[in-house]
Amino acid sequence: MPIRQMKESSEQHLVIKTHMQSSINQPQKHHKTAQNGKGPPQPLQESSNTKPPNQTSPPAKNRGRRRGRGGRKSDQGDVCMRPSSRPCTVVHKPVVNPIGDLLSTTSNGPIETGKNVCEMGMGLGFPTSSKSLSFARRPGYGQVGSKCIVKANHFLAELPDKDLNQYDVTITPEVTSRSLNRAIMAELVRLYKESDLGTRLPAYDGRKSLYTAGKLPFAWKEFAIKLVDAEDGIGGPRREREYKVVIKFVARANLFHLGQFLAGKRADAPQEALQILDIVLRELSTKRYCPVGRSFFSPDIRAPQRLGDGLESWCGFYQSIRPTQMGLSLNIDMASAAFIEPLPVIEFVAQLLGKDVLSRPLSDSDRVKIKKGLRGVKVEVTHRGSVRRKYRVSGLTSQPTRELVFPVDDISTMKSVVEYFQEMYGFTIQHTHLPCLQVGNQKKANYLPMEACKIVEGQRYTKRLNERQITALLKVTCQRPRDRENDILQTVQHNAYDQDPYAKEFGIKISEKLASVEARILPAPWLKYHETGKEKDCLPQVGQWNMMNKKMINGMTVSRWACINFSRSVQESVARGFCNELAQMCQVSGMEFNSEPVIPIYSARPEHVEKALKHVYHAYTNKTKGKELELLLAILPDNNGSLYGDLKRICETDLGLISQCCLSKHVFKISKQYLANVSLKINVKMGGRNTVLLDAISCRIPLVSDIPTIIFGADVTHPENGEDSSPSIAAVVASQDWPEVTKYAGLVCAQAHRQELIQDLYKTWQDPVRGTVSGGMIRDLLISFRKATGQKPLRIIFYRDGVSEGQFYQVLLYELDAIRKACASLEPNYQPPVTFIVVQKRHHTRLFANNHRDRTSTDRSGNILPGTVVDSKICHPTEFDFYLCSHAGIQVESLFLRCNLS
């Protein structure tokens with residue numbers, strides 16, 4: 001994925017992978033690392049750091065224990081740091097300094113560069129400059145690694161030589177449906193293209209904007225458009241509605257600025273021109289297919305595959321116009337999504353419940369499931385011949401159809417639904433034991449028998465899929481790279497942009513060839529293991545290595561552990577054997593692990609998870625008289641529903657226990673590889689290190705090893721669609737050792753629903769005794785780093801995940817401000833330089849081997865090799881971004897990180 005760097009000062013820092021020093025092209029004073037793969041580089045002698053005594057930090061409410069191996073919840077107040085309209089002044093009270101006064105011992109270089117943070121109308125609480133905050137410009141191109149050629153799913157687009165004009169569209173009465181808006185404008189173009197529109201073929205965004213290549217004959221004009229309601233079908237009375245459409249000239253897009261931007265001569269992208277070109281190229285596909293976001297889906301592209309419970313997968317493609325170094329490119333990628341299967345409602349309900357609904361009565365839980373599954377779904381009636389009226393389901397009747405009656409006149413004459421459908425439509429309702437669908441609003445709800453309705457095609461399913469559906473969808477979407485490449489090329493050819501009337505109208509030409517891009521394969525880093533193992537170091541091959549003949553470099557001790565079994569199918573003897581094998585593997589891998597649990601293995605039912613956990617906890621406490629339980633092993637059923645989440649929540653927030661869960665299928669079929677992987681997890685959770693980079697302990701990582709550096713990682717997880725009240729969860733981790741940067745501590749906190757900005761990075765609150773108190777996740781983790789290493793960070797590298805391109809600037813502005821405030825709250829003038837890196841996984845750039853038959857350029861799945869980096873041609877014209885294949889593909893498609901640095 002590309003990575004965008006944001007510019008905060010005159011000095012730029014880039015750290016993506018150990019050997020990426022060439023991105024900055026700075027000479028290094030350290031010894032060179034052996035790159036021939038024949039042997040590891042020899043470590044430099046490490047300088048010893050004298051640790052000053054630990055200093056106390058202000059207490060924080062609700063702060064969990066942190067051992068440098070994991071995290072607990074951070075402070076969860078409702079304080080949200082928002083930019084103020086004017087600079088504020090921070091008064092530093094004479095309190096104990098949690099970081100320690102080390103500024104006098106450091107050079108001014110790195111600290112000075114940290115001061116060049118723009119004011120941007122915010123009170124940062126520390127000296128600022130007048131420079132404006134902007135994304136970092138690309139300082140150059142990397143040189144490290146072996147060069148190769150890869151292909152990218154970017155198709156060169158030629159800029160049009162025509163004027164692009166924007167018009168405002170006002171439709172009266174106001175319409176909220178994009179599809180209806182498009183139908184109105186399509187009718188307008190059909191009627192007036194050759195006359196009032198001057199033969200122009202406009203592109204429409206479905207809302208308020210219309211675009212043309214060249215001006216229309218007027219600056220303002222009103223049209224009257226009559227449209228027949230298509231949902232009334234044919235053969236019956238059809239409602240005709242009249243709309244007033246006003247088209248008004250707004251502006252002319254400047255393509256010269258776009259050309260300058262693509263040539264790297266302008267820093268600001270002309271978004272209006274890019275938006276027009278994007279809408280133009282999407283216009284025909286919008287008419288042909290079902291648009292969802294930037295993607296288009298159709299059952300005709302590939303036969304839909306059933307996912308179960310009334311859902312099916314549709315194949316489609318993603319399309320977006322992007323500014324790149326080679327010019328404008330059209331990014332095309334394959335896509336899949338879950339759609340509601342267009343079934344008769346009764347058949348859908350039968351699939352949803354997984355049983356025959358025609359002969360058996362429905363239970364209350366069945367009704368709830370049906371109501372949840374059908375609410376908001378659009379259905380069409382099938383009992384009126386060619387008249388196919390469409391309705392949206394609002395609910396389900398509590399009574400069966402045979403018991404439903406309603407008033408048919410003003411004197412409240414009652415008639416049953418069964419009689420009404422028989423008399424009005426000659427339709428006999430067969431399954432009167434089933435409830436009716438409620439359509440319309442609550443004040444005026446209509447009843448529709450299930451057997452008289454069919455689900456309308458083309459409705460995307462937006463709720464969470466269950467595990468079986470996810471597995472089925474992955475089987476459909478998982479493709480070999482060569483197959484995906486062929487599908488992309490076929491999609492471009494099928495779309496036939498050279499024949500697209502809208503592309504022709506606007507003078508846009510799209511190449512049908514994948515872009516060839518120069519890439520580099522970075523050398524893999526050497527890994528260091530314990531000296532007592534047969535293999536003391538390791539060079540990964542094609543992104544892979546194993547623990548055979550190796551021992552953890554810092555294996556931890558587990559003396560007191562217990563096991564709880566939630567799987568009925570796992571007998572106590574089997575569980576005991578599994579625990580014994582796991583203990584042996586931990587010992588072989590380098591840990592000191594007690595072979596026997598402190599208390600006997602306890603079996604419990606999943607629905608009693610809280611009671612069982614507390615029973616084990618108290619039984620252990622009573623036996624050991626208050627000694628801490630170091631580890632809890634948990635055996636879970638393979639399909640455990642909410643058990644895993646409940647167990648983790650109780651252990652982490654209520655009992656303060658480190659837990660390791662294992663599925664019963666692994667307990668029955670014990671694999672050495674599985675046990676080795678679990679032992680690695682346990683060691684890290686206990687605060688150990690499995691391995692370290694040889695370059696790290698040899699102090700050879702550029703921009704990390706020279707001065708104490710802390711590396712942060714941050715992300716926000718949002719609730720699933722349909723959850724309107726659940727909070728979003730923000731998580732921040734930070735390295736707790738230097739120069740190894742291998743151990744991480746983490747903090748999590750709940751915040752406002754679907755809020756992407758991390759609200760608790762820094763916050764203040766009023767204490768009745770101490771006055772204004774500072775806190776937040778950044779501050780807590782900086783203090784933790786100081787206590788763990790005896791040094792304060794003189795450089796901050798902040799990796800931020802999950803940020804869309806439209807949020808880059810907002811997130812940078814807010815969260816960089818929070819980082820700065822957290823630093824300033826610890827010590828006056830403490831302003832270490834910050835590198836802010838946005839990492840994107842959900843982009844649509846795909847890189848393919850130039851020759852799929854060349855096995856030396858691909859891994860076993862046919863993916864490009866891990867460590868492949870691209871920083872030219874398909875990257876941003878001016879900003880500092882690049883794509884990185886960060887590791888080998890576990891499935892058949894590698895993960896490409898797109899990184900943007902600031």
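Residues numbered from 1 in each chain as written. Predicted model: local features only at pLDDT ≥ 70, side-chain atom pairs only at ≥ 80, totals over all residues. Heavy atoms only, no water.

### A closer look at the overall build of the chain
Scanning the chain from N- to C-terminus turns up 18 helices and 44 strands. Out of the 902 residues belonging to the chain, those deemed buried represent 52%. Contacts in the chain between residues at least 24 apart in sequence constitute 72% of all its contacts with a sequence separation of at least 6. Summing over all exposed atoms, the chain offers an accessible surface of approximately 42,400 Å²; the carbon and sulfur share of this is 49%. (Helix = DSSP H or I, 4+ residues; strand = E, 2+ residues; numbered from the N terminus. Buried < 20%, exposed > 50% of the residue type's maximum accessible area, 1.4 Å probe, protein only. Contact = heavy atoms within 4.5 Å. Areas by Shrake-Rupley, 256 points an atom, 1.4 Å probe, with all protein chains shown as cover.)

### A few points about the pattern of salt bridges
Proximity of charged atoms lets side chains of opposite charge pair with each other. Within this structure, the stated rule accounts for 40 salt bridges. Residue R294 is joined to D278 by a salt bridge in which the shortest nitrogen-to-oxygen separation is 2.7 Å. A residue pair is termed long-range when its members are at least 10 positions apart, and R294 in the loop between β11 (290-292) and β12 (295-297) and D278 in helix α4 (residues 271-288) qualify at 16 residues. With a relative accessible area of 40%, R294 lands in the partly exposed category. When its relative accessible area of 9% is taken as the criterion, D278 is described as buried. We note a salt bridge from E805 to R322, for which the minimum N-O separation is 2.6 Å. (Salt bridge = Lys/Arg side-chain N within 4 Å of Asp/Glu carboxyl O.)

### What to know about the pairing of strand β32 (residues 659-663)
Judged by how many residues are buried, β32 sits mostly within the fold: four of five residues are covered. When strand β31 (residues 631-636) meets β32, the two strands line up parallel, connected through five bridges. Across the sheet, residue L632 finds its bridge partner in β32, namely S659. (Pairing = 2+ DSSP bridges.)

### Some details on the sheet that holds strand β33 (residues 692-693)
The three strands lie next to each other as β26-β25-β33, forming an open sheet whose pairing is antiparallel. Only two strands of the sheet have a single partner each, and these edge strands are β26 (537-538) and β33. Here strand β25 (residues 527-528) pairs with β33 via two bridges, running antiparallel. Looking at β33, one finds that L527 is bridged to L693.

### Observations regarding the packing of aromatic side chains
This model, assessed by the stated rule, comprises 16 aromatic pairs. On the basis of an interplanar angle of 50 degrees and a centroid distance of 5.6 Å, the ring pair of F421 and Y425 is categorised as tilted. A residue pair is termed a helical-turn pair when its members lie 3 or 4 positions apart in one helix, as F421 and Y425 do in helix α7 (residues 417-425) at four residues. Residue classification places F421 among the buried positions, given a relative accessible area of 4%. Above the plane of the ring of F249 lies K215, whose end atom (NZ or CZ) is 4.9 Å from the centre. (Phe/Tyr/Trp six-rings, centres within 6.5 Å; stacked < 30°, edge-to-face > 60°. Lys NZ or Arg CZ within 6 Å of the ring centre and 35° of its normal.)

### Concerning unusual backbone geometry
Of note, the bond from T172 into P173 is cis; its omega dihedral lies within 30 degrees of zero at -5 degrees. Within the element layout of this structure, P173 appears in the loop between β6 (164-172) and α2 (178-192). W738 connects to P739 through a cis peptide bond whose omega is 15 degrees. Within the element layout of this structure, P739 appears in the loop between β35 (728-735) and β36 (744-751). The phi torsion at V542 lies on the positive side, around 50 degrees, for a residue other than glycine. Tracing the backbone shows V542 in the loop between β26 and β27 (557-558). The class of V542 is partly exposed, set by a relative accessible area of 42%.

### Section: the nonpolar core
By size, the foremost hydrophobic cluster in this structure holds 59 residues, and its most contacted members are F712 and L782. Broken down by element, the residue count for this core peaks at 11 residues, all from helix α18 (residues 808-826). Judged by nonpolar contacts, the second largest core, of 56 residues, contains Y204, L210, L262 and I332. (Core = buried A, V, L, I, M, F, W, Y, C linked by side-chain atoms within 4.5 Å.)

### Observations concerning the confidence of the model for the chain
Here the chain shows a mean pLDDT of 84. Residues at 70 or above account for 83%. pLDDT under 50 marks residues 1-38. Its contacts with residues more than four places away, or in other chains, come to 165 contacts. Contacts from residues 232-236, a stretch scored under 50 in pLDDT, to residues over four places away or in other chains number 15 contacts. (pLDDT = per-residue confidence, 0-100.)

### Some points on a positive patch on the surface
Together, K371, K372, R375 and K463 make up a positively charged patch on the protein surface. By the secondary structure assignment, R375 is in the loop between α6 (364-374) and β16 (378-381). (Patch = residues over 30% accessible without salt bridge, like charges linked within 9 Å, V, L, I, M, F, W, Y side chains within 5 Å. Lys, Arg positive; Asp, Glu negative; His and termini not counted. Charge placed at Lys NZ, Arg CZ, Asp CG, Glu CD.)

### Things to note about helix α13 (residues 643-655)
The complete set of buried residues in α13 reads L643, L647, K648, I650, C651 and L655. Projected down its long axis, α13 shows its buried positions confined to an angular sector of 165 degrees, all on one face. Trailing α13 by a residue or two, G656 shows a phi angle of about 65 degrees, which is positive. (Arc of directions from axis to C-beta.)

### Considerations on the sheet that holds β32
Taken in spatial order, the four strands make up an open sheet running β30-β28-β31-β32, and their pairing is parallel. Looking at strand neighbours, the two that pair on one side only are β30 (602-603) and β32, the edges of this open sheet. Strand contacts of helix α11 (residues 572-588): β28 (561-565), β31 and β32, with the helix running at about 130 degrees to β31, the strand carrying the most contacts. Sheet contacts for helix α15 (residues 672-685): β31 and β32; angle to β32, the most-contacted strand, approximately 165 degrees. (Axes fitted to C-alpha atoms, helices over the stretch in contact; angles between N-to-C directions.)

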